[in-house]
There are 2 protein chains.
Amino acid sequence: MVETVHIREVGLRDGLQNIAQPMPTELKLDWCRAEAAAGIHEIEVCSFVPPKLLPQFADAAELARAALALPDLTVSALIPNMKGAERGVEIGVHQLNYVMSVSESHNQSNVRRSTADSLEDLKRIIDFVREAEPERRPRVACGLATSFGCTIEGTVDPNRVVRLAAEVAAAGADEIVLADTVGYGEPNGIRALFARVIETVHPLPVAAHFHDTRGLGLANVAAALEVGVRHFDASLCGLGGCPYAPGATGNVVTEDVVFLCESMGFSTGVDIEALLAVRDIVARGVPHEPLLGQIAKAGLPKGFSYAGTATAA
Amino acid sequence: MVETVHIREVGLRDGLQNIAQPMPTELKLDWCRAEAAAGIHEIEVCSFVPPKLLPQFADAAELARAALALPDLTVSALIPNMKGAERGVEIGVHQLNYVMSVSESHNQSNVRRSTADSLEDLKRIIDFVREAEPERRPRVACGLATSFGCTIEGTVDPNRVVRLAAEVAAAGADEIVLADTVGYGEPNGIRALFARVIETVHPLPVAAHFHDTRGLGLANVAAALEVGVRHFDASLCGLGGCPYAPGATGNVVTEDVVFLCESMGFSTGVDIEALLAVRDIVARGVPHEPLLGQIAKAGLPKGFSYAGTATAA
């Protein structure tokens with residue numbers, strides 16, 4: 001039996017949020033359309049932050065509405081707070097992705113409140129969402145940023161991650177995302193922590209959000225696959241990083257994650273050649289950004305076959 | 001108990017062999033000296049191919065002799081045939097690294113003979129080496145190229161790799177190196193094949209030689225570590241690739257491999273900061289090459305500690 005791995009494209013949010021020059025809305029929508037056609041069935045299309053904070057997301061509502069019209073696509077959006085949740089429900093997105101940091105210092109620096117306050121906010125958001133009419137009721141995912149380390153605090157206690165995950169599950173979240181926000185994770189720690197959290201919040205899905213900052217992104221994806229993680233965030237062309245940190249790298253590259261999963265025998269439902277073609281749209285949308293990705297450079301191996309098929313490329 | 005991982009620098013051979021402009025001998029030696037001082041205790045310093053074939057290695061004998069004078073360094077050299085073995089024994093290098101391809105087509109294209117003929121050649125080389133005086137008798141390692149796939153044949157049968165490894169062991173080799181020459185390997189295949197070969201040739205050391213062509217280099221290192229591989233080839237700055245294949249990437253990056261191993265709790269004996277400083281020498285030696293590596297860009301995580309120490313960076 002071939003198992004399925006679900007990949008959520010986050011390049012339009014995590015990738016674009018660090019790029020000052022807004023990508024034209026039409027190109028963002030082309031990106032969504034083409035990637036959905038290539039087989040990626042969940043896309044985080046935007047962040048519902050105040051537009052004056054991030055002009056890149058001034059078109060969030062317009063883009064989300066347009067993306068909702070695309071077939072076979074789960075449209076999700078990042079929300080920083082209740083205001084974002086209200087916008088998401090009003091527009092009718094399928095999933096809201098809330099984020100808090102496990103590291104107190106990182107949470108304070110990011111959203112200027114304690115982790116406990118962020119957790120209370122999540123509970124209020126889930127209560128609010130439950131009041132929505134069933135057909136406008138989105139799923140709520142909660143990301144736990146800095147789960148594998150923090151640039152301010154350094155080491156993050158895995159016990160704290162497990163406790164917080166349990167509280168998030170008890171609050172009624174539909175999905176938990178462990179995020180290696182700053183690329184500190186390594187395979188042993190990844191395996192150990194995901195195994196504990198999966199066991200703790202069972203049967204909630206636990207997704208992995210990895211950055212390739214120190215080159216271990218795909219090694220960490222492989223490690224997470226080993227302990228049963230089947231949901232991954234990834235960014236086309238590895239878009240992301242931070243304009244204030246020249247060395248910073250974005251999320252793991254969607255194309256390369258798909259290749260890794262298929263090579264390891266997990267079916268993603270994605271057509272890699274079609275996915276690679278979407279890079280042209282990204283290149284037009286953010287012409288000054290480096291586009292990362294090894295499969296784009298090297299191509300598929302001779303004799304490559306997708307998981308669960310006998311078809312050789 | 002912290003286990004030790006041994007990393008062999010191959011940038012001076014596998015990295016430089018695809019760079020037409022010879023790196024000055026003095027810089028090559030500086031590279032060896034600085035990397036040995038940083039804690040890398042084995043370096044493949046050259047290839048004993050005919051200089052007219054690869055002018056990059058015209059200084060092979062001179063460099064090998066100079067490297068042999070460095071303290072705490074195992075000096076190895078690639079040999080394509082008996083002629084190379086003779087040069088190696090004459091100079092007194094510590095280890096000869098012979099290579100043959102598991103793929104018949106790749107072996108034919110590379111050295112214009114069958115794999116069976118290459119195996120016979122290895123036997124003759126081992127017999128010759130055994131005749132040398134004990135103090136001039138090098139160890140002989142045998143690399144099995146294309147162990148995880150071939151650009152000509154596509155898939156390579158793992159049973160063939162295991163059979164060949166057994167024959168190489170029976171011939172008296174001191175080490176076997178499974179090489180993912182073209183970057184086709186993935187973690188599951190890596191784990192399965194290394195486990196079988198390690199069991200088959202026990203107690204011979206089985207080393208891993210990985211290329212990062214499709215981004216899975218470090219994921220494959222992590223997978224090999226899981227099944228007991230403790231010897232890895234790597235190239236400083238990821239030097240390598242092929243001038244005729246723009247997408248081709250070199251060996252896994254030494255700095256990043258060291259970081260991965262130490263992060264996972266394996267001691268390498270390497271000082272990462274000192275290792276990163278060696279990049280300046282490489283930059284001067286091959287000024288037109290892109291220097292890869294994520295740790296060089298992003299730096300060590302805050303709170304990073306080496307395996308087996310309580311010292312935080």
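Scroll up to find the structure.
What you see is a predicted model, and the numbers here were worked out from it, not measured in a lab.

Trainee: Even after reading the chapter, I still don't get the overall build of chain A, so can you show me in this structure?
Mentor: Scanning chain A from N- to C-terminus turns up 13 helices and 8 strands. The C-alpha radius of gyration of chain A comes to 18 Å, within 12% of the 20 Å expected for a compact globule of 313 residues. Expressed as lengths along the three principal axes of its C-alpha atoms, the size of chain A is roughly 50 × 40 × 40 Å. In chain A, which comprises 313 residues, the share counted as buried stands at 53%.

Trainee: In this structure, what is going on with unusual backbone geometry? I would like to understand it.
Mentor: Keep in mind that most residues, glycine aside, have a negative phi and that most peptide bonds are trans. Residue and element names in this part refer to chain A. Going from His202 to Pro203, the amide bond is cis rather than trans, its omega being 5 degrees. Locating Pro203 in the fold gives a position in the loop between helix 8 (187-201) and strand 7 (206-210). We note that Cys237 has phi near 65 degrees; this positive angle belongs to a residue other than glycine. Its place among the elements puts Cys237 in the loop between strand 8 (231-234) and helix 10 (254-263).

Trainee: Honestly, the interface of chain B and chain A in this entry has me stumped. Any pointers?
Mentor: Interfaces are often described in size by the accessible area the parts lose on coming together. Contacts between the two partners involve 34 residues from chain B and, on the opposite side, 34 residues from chain A. Looking at the side of chain B that touches chain A, the elements that each hand over two or more residues are helix 8 (187-201), helix 9 (217-226), helix 10 (254-263) and helix 13 (294-298) of chain B. Considering only residue class, the side of chain B that touches chain A consists of 14 nonpolar, 15 polar and 5 charged.

Trainee: Help me out: how do you make sense of the pairing of strand 1 (residues 6-9) of chain A in this one?
Mentor: Residues and elements named next belong to chain A. With 4 bridges joining them, strand 1 and strand 8 adopt parallel strand pairing. Note on strand 8: the bridge partner recorded for Arg8 is Asp233. Relative to strand 2 (residues 42-47), strand 1 is paired through 2 bridges, and the arrangement is parallel. Counted as the bridge partner of Glu9 is Ile43 from strand 2.

Trainee: What am I meant to see in the relation of the copies chain B and chain A here?
Mentor: Note on the copies: chain B fits chain A at an RMSD of 0.0 Å, the axial shift is 0.0 Å, and the rotation between them is 180 degrees. Given the turn and translation reported, the copies of this chain are related as if by a two-fold rotation axis. It is Ala219 of chain B whose C-alpha, among those of chain B, lies nearest the rotation axis, at 1.8 Å. Looking at chain B, 100% of its interface residues are interface residues in chain A too, so the copies touch through the same face.

Trainee: Whenever I open this one, the sheet that holds strand 7 of chain A confuses me. Can you help?
Mentor: Picture the strands of a sheet paired through backbone hydrogen bonds; they go either parallel or antiparallel. All names here are of chain A. Sheet architecture is closed into a barrel: 8 strands sit in the order 1-2-3-4-5-6-7-8, paired in parallel fashion. Ignoring strand direction, the axes of neighbouring strands in this sheet form an average angle of 25 degrees. Note: strand 7 against strand 8, 3 bridges, orientation parallel. Residue Ala208 lies in a different strand from strand 8, and its bridge partner there is Phe232.

Trainee: Honestly, the environment of Glu226 of chain A in this entry has me stumped. Any pointers?
Mentor: Among the secondary structure elements, Glu226 of chain A is positioned in helix 9 (residues 217-226). Separated by 35 residues in sequence, Glu226 of chain A and Arg191 of chain A place their C-alpha atoms 7.4 Å apart.

Trainee: I tried to follow the sheet that holds strand 1 (residues 6-9) of chain B on my own but got confused; where do I start?
Mentor: Residues and elements named next belong to chain B. Spatial strand order, 1-2-3-4-5-6-7-8: 8 strands in a closed barrel with parallel pairing. Adjacent strand axes in the sheet meet at a mean angle of 25 degrees, parallel and antiparallel pairs treated alike. Relative to strand 5 (residues 139-145), strand 4 (residues 95-101) runs parallel, the two being bridged by 7 bridges. Each residue of the ladder has a partner; that of Val99, found in strand 5, is Gly143. Across the face of the sheet, helix 6 (residues 115-131) comes into contact with strand 4 and strand 5 while running at roughly 165 degrees to strand 4. Contacting strand 1 and strand 8 (231-234), helix 10 runs over the sheet at an angle of about 175 degrees to strand 1.

Trainee: In this structure, what is going on with the nonpolar core? I would like to understand it.
Mentor: Nonpolar side chains tend to gather and get buried jointly when the protein is soluble and globular. Formed by 202 residues in total, the largest nonpolar core has its most connected members in Leu144 of chain A together with Leu144 of chain B. In contact with Leu144 of chain B, other than residues within four places in its own chain, are Met100, Val102, Val161, Leu164, Ala165, Ile176, Val177, Leu178 and Ala179 of chain B.

Trainee: What is the right way to read the pairing of strand 5 of chain B from this model?
Mentor: All names here are of chain B. By the criterion of burial, strand 5 is predominantly enclosed, with 6 of the 7 residues buried. Of the pairings in the sheet, the one linking strand 5 to strand 6 (residues 175-180) comprises 4 bridges and is parallel in character. Considered in strand 6, the bridge of Gly143 is made with Val177. On the question of chirality, the crossover connecting strand 5 to the parallel strand 6 by way of helix 7 (residues 158-170) is right-handed.

Trainee: What is the right way to read helix 2 (residues 25-38) of chain A from this model?
Mentor: Helical periodicity: at 3.6 residues per turn, an α-helix aligns residues three or four positions apart in one direction. All names here are of chain A. Here helix 2 is 14 residues long and its end C-alpha atoms lie 20 Å apart, about the 20 Å a rise of 1.5 Å per residue gives. Within the sequence span of helix 2, burial applies to Lys28, Leu29, Trp31, Cys32, Glu35, Ala36 and Ala38. Against strand 1, helix 1 (11-15), strand 2, helix 3 (60-68), helix 11 (272-277) and helix 12 (279-285) lie the buried residues of helix 2.

About the criteria used
- Residues numbered from 1 in each chain as written.
- Chains lettered and ligands numbered in written order.
- Predicted model: local features only at pLDDT ≥ 70, side-chain atom pairs only at ≥ 80, totals over all residues.
- Helix = DSSP H or I, 4+ residues; strand = E, 2+ residues; numbered from the N terminus.
- Rg over C-alpha atoms; globule rule 2.2 N^0.38 Å.
- Buried ≥ 20, exposed ≤ 12 C-beta atoms within 10 Å, placed from the backbone.
- Contact = placed C-beta atoms within 7 Å.
- Nonpolar A, V, L, I, M, F, W, Y, C, P; charged D, E, K, R; others polar.
- Pairing = 2+ DSSP bridges.
- Least-squares fit on C-alpha atoms with pLDDT ≥ 70 in both.
- Axes fitted to C-alpha atoms, helices over the stretch in contact; angles between N-to-C directions.
- Core = buried A, V, L, I, M, F, W, Y, C linked by C-beta atoms within 7 Å.
- Right-handed = clockwise from strand over helix to strand, strands pointing away.
- Expected span 1.5 Å × (residues − 1).

From the geometry alone we can't say anything about function, so treat these as descriptive.
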